[in-house]
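The residues making up each chain are set out below.
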There are 2 protein chains.
Amino acid sequence: MIGKLIKKIEETKAPIVVGLDPALANIPVSLLAKHISEKGETFEAAADAVWEFNKAIIDAVYDLIPAVKPQIAMYEALGLPGLAVFKKTVDYCHEKGLIVIGDAKRGDIGSTSEAYANAHIGKVKIGNTELAPFDEDFVTVNPYLGSDGVKPFINVCNACDRGIFVLVKTSNPSSGEFQDKVTDGKPLYELVGKMVDSWGLESLDGSYSNVGAVVGATYPEMGKALREIMPKAYILVPGYGAQGGTAKELAPFFNSDGLGAIVNSSRGIIAAWKKEEYKRYGEAAFADASRAAVIAMKDDINAALGE
Amino acid sequence: MIGKLIKKIEETKAPIVVGLDPALANIPVSLLAKHISEKGETFEAAADAVWEFNKAIIDAVYDLIPAVKPQIAMYEALGLPGLAVFKKTVDYCHEKGLIVIGDAKRGDIGSTSEAYANAHIGKVKIGNTELAPFDEDFVTVNPYLGSDGVKPFINVCNACDRGIFVLVKTSNPSSGEFQDKVTDGKPLYELVGKMVDSWGLESLDGSYSNVGAVVGATYPEMGKALREIMPKAYILVPGYGAQGGTAKELAPFFNSDGLGAIVNSSRGIIAAWKKEEYKRYGEAAFADASRAAVIAMKDDINAALGE
């Protein structure tokens, strides 16, 4: 699966992923109000608004980008109607040729991780029929439970040609509380990075592995060290834009082949309509603002990488 | 919320929780076949079978126990129909007076953790209406992202009188790969335990805190150390039974007041019908086998604690 992602990145010349994190605050008020007037103050109304919002953004940007990253928490917060829209979004992105990275940060003990892996990137057998529950291409995985929590995901990567991104060093301010703790002379995130490198050897797909890593743009020095520790891992880089990471800090996340990293922006793209620089589009043309923001992000990152 | 759980534990004299982890392999073949004959080899059929299975077990054991712990991965693996049955199970357990611990092991950066907290133990505002998406009483939380990933859950605990159990030392064989790593002279799980203790001060409810911890029965020595580090944290103890933890190893998880821990068994209860000692019940009376297994577990643990 990582080979497919790389191909799409090369075709679009865009090592970027758009985070579809439709917190209600990111959705134009008039759009939500329209659906509330139809279905009342219900999860169904909110989910319909999210769907209309997502579809417009996908339609506006799908030709520019290789992949999207829906954040399942935002859909889970709208109950069952929200999760139905998560699934609808995954399927629609596939129709548009996009690769879908489900940002779910799942992880549990072995048999339970297997259920999560099947839920997100695998299949479940009912009688003699195999069905894909949510059918993402990649899913993010939390490594705190160790190898026997991660390996069921790798087994599914190999069985179904899918991929995972394992949390190594997250973009948030307090990620260092545990991840930076020094053990055997090295910070914990480097130990996790070494494990990602070793897990990755079990699922190679060309020059890279289906086992990637999440490393926040907000920690470029650590990104540099991790880039060396995990040469075959694709790095999913959150934290660009709204969280404070800048394009010129992204270079260390890439390998000398120009590959090896894909940079996420969520609010920076989907809530571009709220930003001063895109206000000219107006609330109704929120998707056009997203398209302009994707083009700007692409230019910003490619310029910084070209330097 | 922890006060309510303690009250229920005292009323039932049962510091135990039944894990509702209905992997399809735990469901009698004839029950699944019946639903497949009605709805085909579909998620709907599997979800209907899970619901019939859960309801029968809940009806058979609800008067004996304070709480249940549905493992959401098993429901997520059946797609949207599975998650609908998760919600139906939560609601039905509430009708029967049971406290519901959602085993979801969620955790993310701040704003996303807030969405997960609202999804599972909180409320979401749509227009002027507040709605509870999944409405569990407690949810399990993964701490790998640090304080800003955990605090949104604590805020919701305080706003909605709910609770969390934070993963500290998990029951699986490779939990030590990261959790046992020594940093500043102490294993990481002790550092996480100290944080649980400190987070817990922000949500006290009587002698205990709404911020509890998960510590596996399979590591009793570590349980003893953690018991001292987190005096106000209730410990949710998985790993008894099927995973190898025994009753006499459970004493260190409890405080001298006889409180402070609640022991989970999942397969040992819900799949009791498959065990040699309960085979006499037969596949059709699987729920009676579960009741017998709950009574045996209660006796086993209370005897060990009384010693």
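Everything numeric in this text was worked out from a predicted model, so none of it was measured.

By secondary structure assignment, the location of K69 of chain A is in strand β2 (residues 67-70). Non-local contacts of K69 of chain A, meaning those with residues more than four positions away in its chain, are made with V17, V18, G19, L20, D21, I101, D103, L236, N264 and S266 of chain A.

Let's shift gears to the relation of the copies chain B and chain A. Relating the two copies of this chain is a rotation about some axis coupled with a shift parallel to it. Expressed as a screw operation, the relation of chain B to chain A combines 0.0 Å of axial shift with a rotation of 180°, fitting to an RMSD of 0.0 Å. As the rotation angle and translation indicate, the two copies are arranged about a two-fold axis. Across chain B, the smallest distance between a C-alpha and the rotation axis is recorded for T183 of chain B, namely 2.5 Å. Most of the interface of chain B is mirrored in chain A, where 100% of its interface residues are also at the interface.

The subject of this paragraph is unusual backbone geometry. Across residues other than glycine, the phi torsion is negative in most instances, and most of the peptide bonds are trans. Residue and element names in this part refer to chain A. Positive phi is not limited to glycine here, since D184 has a value of about 50°. Relative to the helices and strands, D184 is located in the loop between β8 (182-183) and β9 (186-187). What makes D184 exposed here is its relative accessible area of 67%.

A full pass over the atoms with the stated rule returns 39 salt bridges over all chains. With its nearest N and O atoms 3.8 Å apart, the salt bridge here joins K96 of chain A to D59 of chain A. In this pair, K96 of chain A sits in the loop between α5 (79-95) and β3 (99-106) while D59 of chain A sits in helix α3 (residues 43-61), placing the two residues 37 residues apart along the sequence. Look at D59 of chain A and you get partly exposed, because its relative accessible area is 29%. Where E11 of chain B meets K7 of chain B, a salt bridge forms, and the shortest distance between an N and an O atom there is 3.3 Å. Of this pair, E11 of chain B and K7 of chain B both sit in helix α1 (residues 2-12), four residues apart, which is roughly one turn of the helix. The class of K7 of chain B is exposed, set by a relative accessible area of 52%. Each of K69, D103 and K105 of chain A together with D108 of chain B takes part in salt bridges that share partners, so that together they form one network.

Many authors give the size of an interface as the accessible area that is lost as the parts come together. Across the boundary between the two partners, chain B contributes 69 residues, which contact 69 residues of chain A. Interface of chain B and chain A: buried area, both sides summed, is about 5700 Å²; carbon and sulfur atoms make up 63% of it. Looking only at chain B, the three residues that lose the most surface to chain A are E41, Y144 and F178 of chain B, adding up to 16% of its buried area. In this structure, R106 of chain A and E76 of chain B form a salt bridge, with 3.1 Å as the shortest nitrogen-oxygen distance. The tally of links from chain B across to chain A stands at 34 residue pairs in polar contact (both at pLDDT 80 or more).

Residue and element names in this part refer to chain A. Looking at the secondary structure, you find S266 in the loop between β13 (261-265) and α11 (267-270). Residue S266 is classed as buried on the basis of its relative accessible area, which comes to 12%. S266 sits 27 residues away from G239 along the chain, and the two C-alpha atoms are 8.9 Å apart. Leave out the neighbours within four places in its chain, and S266 touches G19, D21, K69 and A271.

Attention shifts here to the packing of helix α3 (residues 43-61) of chain B against helix α12 (residues 286-306) of chain B. Residue and element names in this part refer to chain B. Where α3 meets α12, the closest approach of the two axes is 8 Å, and the angle between their N-to-C directions is 45°. Taken together, α3 and α12 sit at an angle that is classed as oblique. For the pair α3 and α12, the crossing hand works out as right-handed. Residue-level contacts link F53, A56, I57, A60 and V61 of α3 to F286, A287, S290, R291 and V294 of α12. Across the contact of α3 with α12, the residue classes break down as eight nonpolar, one polar and one charged.

Attention now goes to the packing of aromatic side chains. Residues and elements named next belong to chain A. According to the stated counting rule, one finds 16 aromatic pairs over all chains in the structure shown. Taking the centre distance of 5.0 Å and the plane angle of 70° together, the rings of Y208 and Y234 count as edge-to-face. With Y208 in strand β11 (residues 208-215) and Y234 in strand β12 (residues 233-237), this residue pair connects regions lying 26 residues apart in the sequence. Taking relative accessible area as the criterion, Y234 reaches 1% and is therefore assigned buried. One cation-aromatic arrangement involves K96 over Y62; the distance from NZ or CZ to the ring centre is 4.4 Å. A cation over an aromatic ring shows up here: K169 above the ring of Y219, its NZ or CZ 4.0 Å from the ring centre.

This brings us to the environment of T129 of chain A. Structurally, T129 of chain A can be placed in strand β5 (residues 129-131). Taking the relative accessible area as the measure of exposure, T129 of chain A reaches 25% and is therefore partly exposed. A C-alpha to C-alpha distance of 27 Å links T129 of chain A and K4 of chain A, two positions 125 residues apart in sequence. Of note is the side chain of T129 of chain A, whose polar atom sits 2.4 Å from the side chain of E41 of chain B.

Criteria and cut-off values
- Residues numbered from 1 in each chain as written.
- Chains lettered and ligands numbered in written order.
- Predicted model: local features only at pLDDT ≥ 70, side-chain atom pairs only at ≥ 80, totals over all residues.
- Heavy atoms only, no water.
- Helix = DSSP H or I, 4+ residues; strand = E, 2+ residues; numbered from the N terminus.
- Contact = heavy atoms within 4.5 Å.
- Least-squares fit on C-alpha atoms with pLDDT ≥ 70 in both.
- Buried < 20%, exposed > 50% of the residue type's maximum accessible area, 1.4 Å probe, protein only.
- Salt bridge = Lys/Arg side-chain N within 4 Å of Asp/Glu carboxyl O.
- Buried area = accessible area lost by both parts, 1.4 Å probe.
- Polar contact = N/O pair within 3.5 Å; in protein donor to acceptor, adjacent residues only side chain to side chain.
- Axes fitted to C-alpha atoms, helices over the stretch in contact; angles between N-to-C directions.
- Parallel < 35°, antiparallel > 145°, perpendicular 65-115°, else oblique.
- Left-handed = near helix turned anticlockwise from the far one by under 90°.
- Nonpolar A, V, L, I, M, F, W, Y, C, P; charged D, E, K, R; others polar.
- Phe/Tyr/Trp six-rings, centres within 6.5 Å; stacked < 30°, edge-to-face > 60°.
- Lys NZ or Arg CZ within 6 Å of the ring centre and 35° of its normal.

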